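Listed below, chain by chain, are the residues.
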Amino acid sequence: MALSENPGRVAFVFQGGGSLTAPQVGMLWALTEAGVMPDLVVGSSAGALNAVAFASDPSPEGLDELEAVWVSLRRRPVARFSFRTVFGALTGRADALVSDTALRVLLERATLAPTLSETSVPAHVVATDLASSTTHVVGAS
């Protein structure tokens with residue numbers, strides 16, 4: 001059965017994986033050029049950035065901007081891992097695996113809706129509390 005014949009809802013799901021999520025932009029181009037648009041998007045970790053950016057502006061111009069963010073990105077400035085930061089996060093002595101400073105700069109460069117309730121396409125993101133291993137889904141209701 002063709003996707004357009006499916007009476008169900010369509011969701012785009014974006015996995016995490018740092019720079020491994022960059023090819024998701026190509027997936028978005030292919031799907032949107034084929035006329036497939038989601039009823040909602042879901043993303044985790046770096047995939048959440050793609051999900052929310054797409055949901056904020058699913059137009060070709062929005063995809064151009066998201067692609068430009070990925071093309072300009074280099075891992076080292078955004079996610080500086082070290083034994084010290086990982087150990088600190090896992091033992092509760094730090095709030096995160098990496099500093100959020102570079103990520104904040106990246107998010108400011110991306111075109112994102114101010115809140116999930118303001119996206120053009122409903123968006124949900126998944127986060128994990130490292131201390132408790134609890135998963136949290138955040139999204140527009």
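As a reminder, the structure under discussion sits directly above these lines.
Residues numbered from 1 in each chain as written. Predicted model: local features only at pLDDT ≥ 70, side-chain atom pairs only at ≥ 80, totals over all residues. Heavy atoms only, no water.

A. Structural context of the sheet that holds strand β2 (residues 40–44). Spatially, 4 strands are ordered β1-β2-β3-β4 in an open sheet, and the strand pairing comes out mixed. Single-partner strands in this sheet number two, and they are β1 (11–14) and β4 (134–139). In this sheet, neighbouring strand axes are inclined to one another by 20 degrees on average, regardless of whether the strands run parallel or antiparallel. In this sheet, strand β3 (residues 123–129) lies alongside β2 in parallel orientation, the contact comprising 4 bridges. For Val41, the partnering residue across the bridge sits in β3 and is Ala123. Along the sheet, helix α2 (residues 46–56) makes contact with β1, β2 and β3, crossing β2 at roughly 155 degrees. (Pairing = 2+ DSSP bridges. Helix = DSSP H or I, 4+ residues; strand = E, 2+ residues; numbered from the N terminus. Axes fitted to C-alpha atoms, helices over the stretch in contact; angles between N-to-C directions. Contact = heavy atoms within 4.5 Å.)

B. Here's a closer look at the packing of α2 against helix α3 (residues 60–72). Running from N to C, α2 and α3 cross one another at 155 degrees; their axes reach a closest spacing of 9 Å. By the angle between their directions, the pair α2 and α3 is classed as roughly antiparallel. Of the two elements, α2 crosses α3, and the hand of that crossing is right-handed. Residues Ala46, Asn50, Ala53 and Phe54 of α2 pack against Leu63, Leu66 and Trp70 of α3. (Parallel < 35°, antiparallel > 145°, perpendicular 65-115°, else oblique. Left-handed = near helix turned anticlockwise from the far one by under 90°.)

C. View of α2. The buried count for α2 comes to 11 of 11 residues, which makes it a mostly enclosed element. Buried residues of α2: Ala46, Gly47, Ala48, Leu49, Asn50, Ala51, Val52, Ala53, Phe54, Ala55 and Ser56, and no others. (Buried < 20%, exposed > 50% of the residue type's maximum accessible area, 1.4 Å probe, protein only.)

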